[in-house]
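Spelled out from the first residue to the last, the chains are:
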Amino acid sequence: MRPKQTRSSEHADPKELYNPVPRVFLGLIIGLVAWAVFYIVNADPTGVASLGDRRVPATLAAGAGGDEGSVVDGRQIYTTTCQACHQATGQGLPGVFPPLAGASWVTGDANIPAQIVLHGLTGPIEVGDTTYNGAMPGFGTQLNDAQIAAVLTFIRAEWGNDSPAVETATIEAARAATASQAEPWSNVADIPATDAGAAPAAEQS
């Protein structure tokens, strides 16, 4: 026969016990807080950065094109601003975004791509035998003249393109000439050419 089970033979119900935080963790937390307070109190916000890539504010401003005469990285601006649509290869997306490689409106009169970047384009544009009729926003309020000149210089010399660099003064003149342009260009043919002997935008493909 199985012995009759009684309450005295059962295990006691589990109870939640009070377990204090181990002293080693308390010491670690206190040490981290003390170090953070010491660092904040003694940090010199005007000194050379001791972490990260150790660039000083003047270097960062130069890289962003904030100082006159600074070298702006057109490739970097293209990567962060244009590449999502026109792709790293400059081939764009078929039927959606036009390629920049081999497009004569990119490599011809610099005022054409300058005006597109400044104000945007919502009308047709031709590359080869294909007409693209999408929409591109303007970046005139996001990029300064040096940055636009740098990114245009990059795309006019990349992916087999071989056109002269674009000067900041060219973008300054283009911006001033169309200061009243409040809306994106509705047709690339409407963009005025500036270079002597440049083919009209409507004839470029």
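A few words on the overall build of the protein. Of regular secondary structure, the protein possesses eight helices and four strands. Walking the protein from its N terminus toward its C terminus, one meets helices and strands in the order α-α-α-α-α-α-β-β-β-β-α-α. Looking at the protein as a whole, 28% of its 205 residues qualify as buried. Long-range contacts, defined as pairs at least 24 residues apart, comprise 56% of the intrachain contacts of the protein with a sequence gap of at least 6.

Here we take up the confidence of the model for the protein. Caution is warranted with low-pLDDT regions, since their predicted coordinates should not be read in detail. The share of residues in the protein with pLDDT of 70 or more is 75%, and the mean pLDDT across the chain is 77. Ranking the elements of the protein by mean pLDDT puts helix α2 (residues 57–63) last, at 50, and helix α7 (residues 145–155) first, at 92. Per-residue pLDDT stays below 50 along residues 64–69; that stretch engages in nine contacts with residues further than four places along the chain or on separate chains. Contacts for the low-pLDDT stretch residues 196–205, under 50 throughout, to residues beyond four places or in other chains number 16 contacts.

With that settled, the discussion passes to unusual backbone geometry. One non-glycine residue, Gln-87, adopts positive backbone phi at about 70°. Topologically, Gln-87 is positioned in the loop between α4 (83–86) and α5 (104–107).

Our next topic: the nonpolar core. Among the nonpolar cores identified, the biggest contains 34 residues, and Trp-105, Ile-116 and Leu-152 are the most heavily contacted of them. Breaking this core down by element, the ones donating at least two residues are α3 (74–81), α5, α6 (111–119), β2 (125–127), α7 and α8 (168–177). Looking at this core element by element, the count peaks at eight residues for α7.

Taken as a whole and assessed by the stated rule, the structure comprises four aromatic pairs. Where Tyr-78 meets Phe-154, the ring centres are 5.5 Å apart and the plane angle is 45°; that geometry is what we call tilted. Remark: Phe-154 occurs in helix α7 and Tyr-78 occurs in helix α3; sequence separation between them is 76 residues. Across the pair, Phe-154 and Tyr-78 agree in class, each one buried.

Here is what the cut-offs are and how they apply
Residues numbered from 1 in each chain as written. Predicted model: local features only at pLDDT ≥ 70, side-chain atom pairs only at ≥ 80, totals over all residues. Heavy atoms only, no water. Helix = DSSP H or I, 4+ residues; strand = E, 2+ residues; numbered from the N terminus. Buried < 20%, exposed > 50% of the residue type's maximum accessible area, 1.4 Å probe, protein only. Contact = heavy atoms within 4.5 Å. pLDDT = per-residue confidence, 0-100. Core = buried A, V, L, I, M, F, W, Y, C linked by side-chain atoms within 4.5 Å. Phe/Tyr/Trp six-rings, centres within 6.5 Å; stacked < 30°, edge-to-face > 60°.

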